[in-house]
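Tertiary structure, described
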Amino acid sequence: MVVVKNICCVGAGYVGGPTCAVIAYKCHHIKVTIVDLNQARIDAWNSDKLPIYEPGLEEVVFDRRGKNLFFTTDVDAAIQEADLIFVSVNTPTKKAGLGAGMAADLAYIEGATRRIAEVATSSKIVVEKSTVPCRTAESMRTILEANSTGEIHFDILSNPEFLAEGTAIKDLFNPDRVLIGALQTPEGIAAQTALAEVYTNWVPEDRVITTNLWSSELSKLAANAMLAQRISSINALSAICEATGADVDEVAYACGRDTRLGSKFLKASVGFGGSCFQKDILNLVYLSTQLNLPEVAEYWKQVYTLNEYQKKRFVKKIISTLFNTITNKRIAVLGFAFKKDTGDTRESAAITLIKDFIQEQAHVAIYDPKVEHEQIYMDLTEPTVADSRKQVEKSISICSSAYEACKDADAVVIVTEWDEFKSDALDYQKIYDNMHKPAFLFDGRLLLDAAELRKIGFKVHIIGKNELAGTA
Ligand code: UDX
Ligand code: UDX
Ligand code: ADP
């Protein structure tokens, strides 16, 4: 029987960092070493200011760091010591070559796998943790087997991470399920059992699901695609609501009360963002195309297309409401992260919106409580366009409070649902007093009480609601 005593996690990002920190927190008898090639990132993990913001993460890391939780760039030593290795490296969408814009770039997975093969001096369980296309484990196995000698054996598991950013620690402490896929061979099943035993230190046994390798890989893509599909469904309905006078909150509530549907993930928005949804849908589309299933590819592609449409629709609404031009107008954008309680901006709707505002020659004043200023400049700059950074610097100001961003603005746009932007948390009267009139307010997150704001004098547009509904 294999008993895991020493874990190495390759990749100290949003997935590997919190996941393995929680394993260390829950399993004091296991030594956990998280490695990364990026020295600055590792230094941050070893400092008082962690490289990612997650509620509850500091408590977990500060409690175990230096005891059974270590962060280092000495990748090889950690690989050699470990019985089990999580591969949690980044898998962005390919930018060039075959499948560009669709397929996942597996160069980092391949790099990490080759490194494991090269330096391992004893048998290992290698766990695919990054979100990857179905059948990536097969490629990892080929690389590892081509490099394994008689004495060293590698078992590959798929153990996709289902945590959501902003609630990572909560999700890891109390997961709906832990999924572990393995080849159904005696060795594969033994490895699967060994990893299951790590999780059952704190996760009830009936929540640990074991499947074959391919089911596990596909389930991750499927879960994210179906979650995103619900958002695109409610967002498609939000357009119908705005055109008819139905209220998207009421529709979502009425539908969600059907226990077959459930109430979660029915919040209309300016569009989903984050590192997973878009990437995983595009992976699924690419996979379907590769498997010669064009109708299936087209079906999932529509979830992505609708999301792009939702962002553009919101921008168009803003421009048409501001008398068809925002040139030289000041637009205050509240929120830049892809959701609240995170500083992560990957695929955030804010990026698309603000690029469009800049294109229209507006001046954009941005405030987000957690996103680093440099990150905002990087996200808005087009690397292939000369002078793009300078143009961005001229077109935006990054503010240190919502009040500063909204001062002298023609319109305020809520893009991220941070609690501090709610009606009872911000003094909207003060914001109104300091704005140009008419003072327009666009809520892309169903965060605000339109009636209250209209009483102050704002012209309010809320996604999925028709301004005139109920007044006729
Ligand atoms: C449906 C709605 O469920 C009900 O709320 C509404 O009032 C009327 O339409 P009904 O058509 O009677 O009810 O049956 P339902 O159980 O929803 O099944 C519809 C079809 O979907 C059936 O052919 C069923 O076999 C199929 N189905 C249902 C599946 O293929 N898979 C499922 O998981 C569920
Ligand atoms: C997602 C999955 O939830 C998680 O299980 C997986 O492991 C990684 O991808 P994450 O991207 O961190 O997690 O956040 P999530 O809460 O799913 O939100 C994704 C996007 O959808 C955000 O932009 C969010 O604002 C948006 N969203 C979510 C909506 O617009 N409406 C909703 O009802 C829910
Ligand atoms: P995710 O959201 O999937 O966790 P991140 O980009 O936040 O993605 O983190 C992935 C991390 O993996 C990065 O910090 C990157 O430096 C690291 N990484 C990529 N390839 C390797 C490798 N071969 N060895 C060690 N770390 C790696």
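Because the structure is predicted, anything quoted here is derived from the model rather than measured. The numbers attached to residues start from 1 for each chain and follow its sequence in the written order. Each chain gets a letter, beginning with A, and each ligand a number, beginning with 1, in the order they are written. Given that this is a predicted model, residues contribute local features only at a pLDDT of at least 70 and side-chain atom pairs are listed and counted only at 80 or more, while totals for whole chains, interfaces and linings are drawn from all residues. Each side-chain value is worked out from all heavy atoms of the structure, with water and hydrogens disregarded.

**Brief notes about the overall build of the protein chain**
Segments assigned H or I by DSSP are reported as helices when at least four residues long, segments assigned E as strands when at least two residues long, and all are numbered from the N terminus. For the protein chain, the count of helices and strands is 18 helices and 14 strands. Two things to know: the radius of gyration comes from C-alpha atoms, and the globule rule equals 2.2 Å times the number of residues to the power 0.38. For 472 residues, the compact-globule formula gives about 23 Å, and the C-alpha radius of gyration of the protein chain, at 24 Å, lands near that figure. Across its three principal directions, the C-alpha atoms of the protein chain cover 75 × 45 × 45 Å. Classification of the 472 residues of the protein chain by burial places 51% in the buried group. Look at the contacts in the protein chain between residues 6 or more apart in sequence, and 75% of them connect residues 24 or more apart. Surface exposure here means Shrake-Rupley accessible area, sampled with a 1.4 Å probe, where a residue is shielded only by the protein chains that are shown. Accessible surface, the protein chain as shown: approximately 21,300 Å² in total, 52% of it carbon and sulfur. Under this rule, positive means Lys or Arg and negative means Asp or Glu; His and the chain ends count for nothing. A charged residue contributes its charge at one atom only: NZ of Lys, CZ of Arg, CG of Asp or CD of Glu. Side chains of the protein chain carry 51 positive and 62 negative charges; the gap between the two charge centres is 3 Å. Whether a residue is buried, partly exposed or exposed follows from its accessible area with a 1.4 Å probe, protein chains only, as a fraction of its type maximum: under 20%, in between, or over 50%, in that order. Only heavy atoms enter the contact rule, under which two residues are in contact if any of them lie within 4.5 Å.

**Things to note about the sheet that holds strand 12 (residues 411–414)**
Any two strands with at least two DSSP bridges between them are considered paired. Strand order in the open sheet formed by six strands is 11-10-9-12-13-14, with parallel pairing between adjacent strands. Edge positions in the sheet fall to strand 11 (396–398) and strand 14 (459–462), since each of these pairs with one other strand and no more. Each neighbouring strand pair of the sheet contributes to a mean axis angle of 15°, computed without reference to strand direction. Pairing between strand 13 (residues 440–443) and strand 14: four bridges, direction parallel. In the sheet register, Phe442 faces strand 14, and the bridge partner there is His461. Every axis in this analysis is a line fitted to C-alpha atoms, fitted for helices over the stretch in contact. Angles between the N-to-C directions lie between 0 and 180 degrees.

**Observations concerning empty space enclosed by the protein**
Take a probe with the size of a water molecule and roll it over the atoms, and the empty space left behind shows itself. Method remark: on a 1 Å grid restricted to protein atoms, a set of points is classed as a cavity if a 1.4 Å probe fits but cannot get out and as a pocket if it is open with protein on both sides within 12 Å along at least five of seven lines; lining residues have an atom within 4 Å of a point. Grid points are joined across faces, edges and corners, and a volume is the space filled by probe spheres set on the points. Evaluated as defined, the whole model comprises one cavity of 30 Å³ or more. Every residue lining the largest cavity is listed: Glu128, Lys129, Ser130, Thr131, Val132, Ser158, Asn159, Pro160, Ser216, Glu217 and Lys220. With three residues, the top contributor of residues to the lining of the largest cavity is helix 9 (residues 213–244). Residue composition of the lining of the largest cavity, by class: two nonpolar, five polar and four charged. The residue classification treats Ala, Val, Leu, Ile, Met, Phe, Trp, Tyr, Cys and Pro as nonpolar and Asp, Glu, Lys and Arg as charged. All others, Gly included, are polar.

**Brief notes about a nonpolar patch on the surface**
Like-charged residues are merged into a patch within 9 Å and nonpolar side chains (Val, Leu, Ile, Met, Phe, Trp, Tyr) within 5 Å, provided each residue has over 30% relative accessible area and no salt bridge. For this document, the term salt bridge refers to a Lys or Arg side-chain nitrogen within 4 Å of an Asp or Glu carboxyl oxygen. Nonpolar side chains collect at one region of the surface, where Leu291, Leu293 and Val296 lie side by side and expose about 240 Å² of accessible area between them. Within the element layout of this structure, Leu291 appears in the loop between helix 11 (277–290) and helix 12 (294–321). Leu291 sits in the exposed class, given a relative accessible area of 52%.

**A closer look at the nonpolar core**
For this analysis, a nonpolar core means a set of buried residues of the types Ala, Val, Leu, Ile, Met, Phe, Trp, Tyr and Cys, connected via side-chain atoms within 4.5 Å. Counting 68 residues, the largest nonpolar core has Leu334, Ile354, Phe357, Ile396, Phe421, Tyr428 and Phe458 as its most contacted members. The greatest single-element share of this core, amounting to seven residues, is contributed by helix 13 (residues 349–359). If we skip the residues at most four places from it in the chain, Ile396 touches Ile354, Ile358, His363, Val364, Ile366, Ile376, Tyr377 and Leu380. Residues Val22, Leu50, Ile169 and Val208 belong to the second largest nonpolar core, which totals 44 residues.

**As for helix 5 (residues 107–119)**
For a helix, the expected span equals 1.5 Å multiplied by the number of residues minus one. In this model, helix 5 (13 residues) spans 18 Å end to end at C-alpha, consistent with the 18 Å of a helix rising 1.5 Å per residue. Burial in helix 5 covers these residues: Ile109, Ala112, Thr113, Ile116, Ala117 and Val119.

**Thoughts on the packing of helix 9 against helix 12**
Viewed as axis vectors pointing N to C, helix 9 and helix 12 meet at an angle of 45°, and their least axial separation amounts to 9 Å. With respect to helix 12, the element helix 9 is oriented oblique. Here helix 9 runs over helix 12; the crossing is left-handed. Along its contact with helix 9, which presents Ala225, Met226, Ala228, Gln229, Ser232, Asn235, Ala236, Ser238, Ala239 and Glu242, the element helix 12 presents Tyr299, Trp300, Val303, Leu306, Asn307, Tyr309, Gln310 and Arg313. A class-by-class count of the residues in the contact of helix 9 with helix 12 yields 10 nonpolar, six polar and two charged. The scheme is simple: roughly parallel for angles under 35 degrees, roughly antiparallel for over 145, roughly perpendicular for 65 to 115, oblique for anything else. Left-handed is the label given to a crossing in which the near helix is rotated counterclockwise from the far helix by less than a right angle, and right-handed is the label when the rotation is clockwise.

**Here we look at the site of ligand 3**
We call a residue near a molecule or strand when any one of its heavy atoms sits within 4 Å of it. Contacts to ligand 3 come from 15 residues, most closely from Tyr14, Val15, Asp36, Arg41 and Arg346. Within the backbone of Val15, one N or O atom sits 2.9 Å away from an oxygen atom of ligand 3. At 2.7 Å, a side-chain N or O of Arg41 approaches an oxygen atom of ligand 3. Here ligand 3 loses 87% of its free accessible area of 590 Å² to cover by the protein chains. Here the shell around ligand 3 is built from residues that sort into seven nonpolar, five polar and three charged. Here a polar contact is taken to be a pair of N or O atoms separated by no more than 3.5 Å, where protein atoms must pair a possible hydrogen donor with a possible acceptor and residues adjacent in sequence count only if both atoms sit in side chains.

**Observations regarding the pattern of salt bridges**
Under the definition given, this model contains 26 salt bridges. Its salt-bridge partner being Glu138, residue Arg141 comes within 3.2 Å of it at the nearest N-O pair. Of the two residues, Arg141 and Glu138 are both situated in helix 6 (residues 136–147); the distance of three residues between them amounts to about one turn of the helix. Measuring nitrogen to oxygen at the nearest pair gives 3.1 Å for the salt bridge that ties Asp344 to Arg346.

**Notes on the domain arrangement of the protein chain**
The domain architecture assigned to the protein chain consists of domain 1 (6–203) and domain 2 (244–462). Taken over C-alpha atoms, the centre of domain 1 sits 33 Å from the centre of domain 2. Taken together, the contacts link 19 residues of domain 1 with 19 residues of domain 2. On the domain 1 side of the interface with domain 2, the three residues burying the most area are Tyr53, Met102 and Glu165, jointly 42% of the side's total. Linking domain 1 with domain 2 are two salt bridges. A salt bridge links Lys49 to Glu372; the shortest N-O distance between them is 3.3 Å. Of the residues in the side of domain 1 that touches domain 2, the class split is 11 nonpolar, six polar and two charged. How far each domain reaches was decided by an automatic or database domain assignment. Values labelled buried area give the accessible surface lost by two parts on being combined, using a 1.4 Å probe and summing over both.

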